[in-house]
Amino acid sequence: MKKNRYNYINLIVILLVVIAASTSGLLVFLSKDNFTAQAITTMTAVIGAFAIWFQMQKGKKLNEGEFIVKLNQQFLENNNIYSLFLKLEKFERTDKSANPFTEDDITKVASYMTFFEVMYLLISRNIIKLHMIDDLFAYQFFILLNNPYIQELELLPCQDYYMDVYRLASLWRKHRLKNHQQLLNDDLCILKKLKPELLAEI
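Quick summary incoming for the structure in this document.

Conventions used here
- Residues numbered from 1 in each chain as written.
- Predicted model: local features only at pLDDT ≥ 70, side-chain atom pairs only at ≥ 80, totals over all residues.
- Heavy atoms only, no water.
- Helix = DSSP H or I, 4+ residues; strand = E, 2+ residues; numbered from the N terminus.
- Buried < 20%, exposed > 50% of the residue type's maximum accessible area, 1.4 Å probe, protein only.
- Contact = heavy atoms within 4.5 Å.
- Polar contact = N/O pair within 3.5 Å; in protein donor to acceptor, adjacent residues only side chain to side chain.
- Expected span 1.5 Å × (residues − 1).
- Bend = angle between axes of the 7 residues up to and from the residue.
- Phe/Tyr/Trp six-rings, centres within 6.5 Å; stacked < 30°, edge-to-face > 60°.

### Concerning the environment of Arg167
With respect to the helices and strands, the residue Arg167 is situated in helix H8 (residues 163-178). Taking relative accessible area as the criterion, Arg167 reaches 21% and is therefore assigned partly exposed. The sequence separation of Arg167 and Tyr120 amounts to 47 residues, and the corresponding C-alpha distance is 7.7 Å. Contacts of Arg167, omitting those with residues within four sequence positions, involve Tyr120, Glu201 and Ile202. In terms of polar contacts, Arg167 uses its side chain to reach the side chain of Asp164, at 2.8 Å.

Written out as structure tokens, the structure reads:
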């Protein structure tokens, strides 16, 4: 009985995280106020982070493999995030001379960034370790951040609003360089293009 109740709580918590990440991009896109947009994004990221923290506390010690599977499910099942990922992958297989990304993709980029903002919050609060997500998510992360057309479309014009993701990028880049691991499109690294005053805060 207790096990069924615990599983039910887990399901509710994971659903909360998915809803938070899924709606964030849409709300940001609809908001005409930049401050409001940032507040919405931050709020939903915090909800996601603490929902997962609550789940881990209830379970006392969440199996690492199970946790990664759940994160991956969130990525794959969010239509905004996964459809953009497929588009990014398709772009990687071209000569990259043509820009396939439009303003219609901004909502998807916001959802994608919120997903990784949640990851940064979890890491910064020592809820998870970077090495736990590295193998599975490094490619998904850097394929977005180091895409020059995505940078021009959203990441650089709105760079003030994605500071936690850029902090994650800095941590992750250092981690992979230290361990002699490949960094996708590092010659186009977003960190090299941020405003100096923002880079100083990372």
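Here the narrative resumes, following the displayed structure.
### Quick word on helix H6 (residues 130-145)
For H6, with 16 residues, the first-to-last C-alpha span of 17 Å runs short of the 22 Å given by 1.5 Å per residue. A bend of about 70° at Phe137 is the largest found in H6. Of all the 16 residues making up H6, 12 are buried; the element is thus mostly covered by neighbouring parts of the structure. Listed in full, the buried residues belonging to H6 are Leu130, Met132, Ile133, Asp134, Phe137, Ala138, Gln140, Phe141, Phe142, Ile143, Leu144 and Leu145. Packing partners of the buried residues in H6 comprise helix H3 (64-77), helix H4 (79-92), helix H5 (106-124), helix H7 (148-155) and H8.

### Section: the environment of Ile202
Its place among the elements puts Ile202 in the segment after helix H9 (196-199). Residues Ile202 and Asp164, spaced 38 residues apart in sequence, show a C-alpha to C-alpha distance of 8.4 Å.

### What about the packing of aromatic side chains?
One pass over the structure, following the stated rule, counts 17 aromatic pairs. Between Phe75 and Phe137, the aromatic rings sit 6.1 Å apart at their centres with planes inclined by 65°, giving edge-to-face as the arrangement. Here Phe75, found in helix H3, pairs with Phe137, found in helix H6; they are 62 residues apart in sequence, far enough to count as distant. For the pair Phe75 and Phe137, a shared accessibility class is recorded, and that class is buried. Plain terms: the ring middles of Phe116 and Trp172 are 6.4 Å apart, the flat faces sit at 55° to each other, and that makes the pair tilted. Taken as a pair, Phe116 in helix H5 and Trp172 in helix H8 lie far apart in primary sequence, 56 residues in all. Like Trp172, Phe116 is buried. Taken together, the aromatic side chains of Phe75, Tyr82, Phe85, Tyr112, Phe115, Phe116, Phe137, Tyr139, Phe141, Phe142 and Trp172 make up a single cluster linked through ring pairs.

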